[in-house]
Amino acid sequence: MREKTSLTDLGLELWILVYHLYDKHKNDPDVAFRELTLRTRCVCSSEDLLIARSPSALLSTQWYQEMSTRYGDLRRRLKESQRAVLEEAEEVTRSLYPAGCMAKEYADALQTCVAMLTVSMPSQALARFTEYRVQELASLDVATVTVEELIDDLIERPVLDALTPPQWWTFDTDGNGAVSLNSIGLRARPAQIDILYTSSEKNWCCRIHLDGILHESGPTAPIARRLARTHGALLSEEQFRTYLVHLQRLMKHTVEDGDLRRSLNSTTNDCHYVREYPQKQQQQQQQTSALASAIELERRTDETQKPLNALNKADVGLLYRDPEAALDNVDLNDADDVTLQEFKAKMEEKFLEKVLRPGDPGYEYDKRVEVKPTERSDWDDSD
């Protein structure tokens with residue numbers, strides 16, 4: 001593998017993330033670098049903070065060295081687990097270009113080899129790499145490319161790039177930037193989630209503003225997926241969804257967490273970090289108490305004031321225990337794919353139980369019923 005000298009050598013996705021964060025926090029590179037280390041599960045050292053003032057400066061940081069090591073380890077594991085694919089790539093290349101190729105034929109040669117492989121590769125990524133490599137060969141005044149160089153290029157870039165999982169740093173478990181969650185704060189007005197955590201032996205608060213995004217009766221699954229993509233180092237998608245549901249309950253009863261300061265309106269992805277939390281334990285107890293009070297208040301309200309036409313959330317557990325109760329006026333708009341399929345299957349089962357077939361008691365062929373409207377409707381009146 002050639003020596004890494006650019007952020008793009010750690011994958012295009014990471015390069016995009018870096019420039020996105022530094023553009024997002026263009027006036028505060030410290031915040032950009034802290035969020036970068038948080039998302040990539042790395043340690044945010046004070047030495048790196050002094051260096052990481054721009055994306056290009058990251059090449060001199062410990063963060064870059066750690067990410068390079070993790071990326072290299074991941075690629076080595078892929079080589080071991082995908083040995084058959086790599087052997088196929090080598091065999092195809094040697095059979096098609098046993099003597100290598102001319103530099104001017106390099107792009108066609110690489111694309112021909114890729115077309116013969118069983119593993120699929122994104123055409124745009126392949127085109128970007130071949131264009132970059134052709135320019136590099138021209139700058140080095142290289143006239144011919146050996147078969148060994150062709151194999152190395154094919155395996156190290158297009159093949160392994162296609163095998164590398166998206167956002168590989170979220171799947172990699174070798175990062176040193178472990179995060180310890182301390183507590184979760186919820187605020188109803190304005191809608192907000194505060195995640196208090198410890199990273200690099202310091203306490204931080206990730207403040208997620210949801211005012212105008214999360215609504216009292218709106219779906220939570222799309223928001224949870226979006227938050228998990230940007231804040232997955234702190235909470236999983238399932239955890240986000242749980243807290244979003246709790247927050248909706250707080251919003252319904254306008255229960256606010258008084259210990260968290262009112263913050264300015266912002267977007268979902270803004271994170272404002274606060275260093276010290278001397279009363280962390282007391283805050284956590286008060287947050288938990290406020291949340292428990294809101295849940296208990298909603299339970300009592302549901303028991304005494306639940307309207308007849310109120311929608312019920314899809315509950316798979318209740319579906320198994322009491323299908324009739326679970327299917328009664330159920331709202332499937334916020335259900336995940338698995339829950340949706342379970343409810344659809346049960347609905348189909350209940351429907352088939354009530355279907356009258358030829359030969360069944362009460363079956364009547366071509367049954368016609370006269371419907372007498374109870375009120376006037378202008379839209380279907382005949383002229």
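How each quantity is defined
- Residues numbered from 1 in each chain as written.
- Predicted model: local features only at pLDDT ≥ 70, side-chain atom pairs only at ≥ 80, totals over all residues.
- Heavy atoms only, no water.
- UniProt positions renumbered as here; feature names shortened; annotations may be inferred.
- Phe/Tyr/Trp six-rings, centres within 6.5 Å; stacked < 30°, edge-to-face > 60°.
- Helix = DSSP H or I, 4+ residues; strand = E, 2+ residues; numbered from the N terminus.
- Buried < 20%, exposed > 50% of the residue type's maximum accessible area, 1.4 Å probe, protein only.
- Patch = residues over 30% accessible without salt bridge, like charges linked within 9 Å, V, L, I, M, F, W, Y side chains within 5 Å.
- Areas by Shrake-Rupley, 256 points an atom, 1.4 Å probe, with all protein chains shown as cover.
- Salt bridge = Lys/Arg side-chain N within 4 Å of Asp/Glu carboxyl O.
- Expected span 1.5 Å × (residues − 1).
- Contact = heavy atoms within 4.5 Å.
- Core = buried A, V, L, I, M, F, W, Y, C linked by side-chain atoms within 4.5 Å.

An unreviewed UniProt entry lists the chain under the name Centrosomal protein of 19 kDa, with Trypanosoma cruzi marinkellei as the source organism. UniProt annotates the chain under Sequence similarities (unreviewed entry) with the comment "Belongs to the CEP19 family."

Following the criterion strictly, the structure yields three aromatic pairs and no others. When the ring of Tyr-71 is compared with that of Trp-168, the centres are 4.9 Å apart and the planes differ by 50°; the resulting orientation is tilted. Placement of the pair is Tyr-71 in helix α4 (residues 62-81) and Trp-168 in helix α9 (residues 168-171), with a sequence separation of 97 residues. Residues Tyr-71 and Trp-168 agree in their burial class; the two are buried.

Another aspect to go through is a nonpolar patch on the surface. Among the surface-exposed residues, Leu-12, Trp-15, Ile-16 and Tyr-19 lie close enough to one another that they form a single nonpolar patch of about 350 Å² accessible area. Residue class for Tyr-19 comes out partly exposed when judged on its relative accessible area of 38%.

Let's shift gears to the pattern of salt bridges. What the rule picks out here adds up to 16 salt bridges. With a shortest N-O distance of 2.3 Å, Asp-73 and Arg-76 are connected by a salt bridge. Remark: Arg-76 and Asp-73 occur in helix α4; sequence separation between them is three residues, near one turn of the helix. Given the relative accessible area of 24%, Asp-73 is considered partly exposed. Among the salt bridges present, the one from Glu-90 reaches Arg-94, with a minimum N-O distance of 3.1 Å. In this pair, Glu-90 and Arg-94 are both assigned in helix α5 (residues 83-96), four residues apart and thus about one turn of the helix distant. Relative accessible area serves as the criterion here: at 32%, Glu-90 is assigned to the partly exposed category. Note on Arg-94: relative accessible area 33%, which makes it partly exposed. Among the charged side chains, a salt-bridge network with shared partners connects Asp-9, Arg-75, Arg-157 and Asp-161.

In a regular helix each residue adds 1.5 Å, so 13 residues correspond to 18 Å; helix α1 (residues 12-24) covers 18 Å between its end C-alpha atoms and thus fits that length. Of the surrounding elements, those touching the buried residues of α1 are α2 (29-39), α4 and α9.

Now for α4. With 20 residues, α4 ought to run about 28 Å at 1.5 Å a step, and its terminal C-alpha atoms sit 29 Å apart, in line with that. Residues of α4 that are buried: Trp-63, Tyr-64, Glu-66, Met-67, Ser-68, Arg-70, Tyr-71, Gly-72, Leu-74, Arg-75 and Leu-78. Here the buried face of α4 lies against α1, α2, α3 (46-51), α8 (147-163) and α9.

What follows is about the nonpolar core. Where a protein is soluble and globular, its nonpolar side chains tend to be buried together. Residues Phe-33, Leu-58, Trp-63 and Val-159 are the most contacted members of the largest nonpolar core, which totals 49 residues. Elements represented by at least two residues in this core include exactly α1, α2, α4, α5, α6 (106-115), α7 (123-139), α8 and α9. Every residue in contact with Phe-33, bar those within four places of it in the chain, is listed here: Tyr-22, Cys-44, Asp-48, Leu-49, Ala-52, Leu-58 and Trp-63. Counting residues in each nonpolar core, the second largest holds 24 residues, with Ala-188, Leu-227, Leu-234 and Leu-235 among its members.

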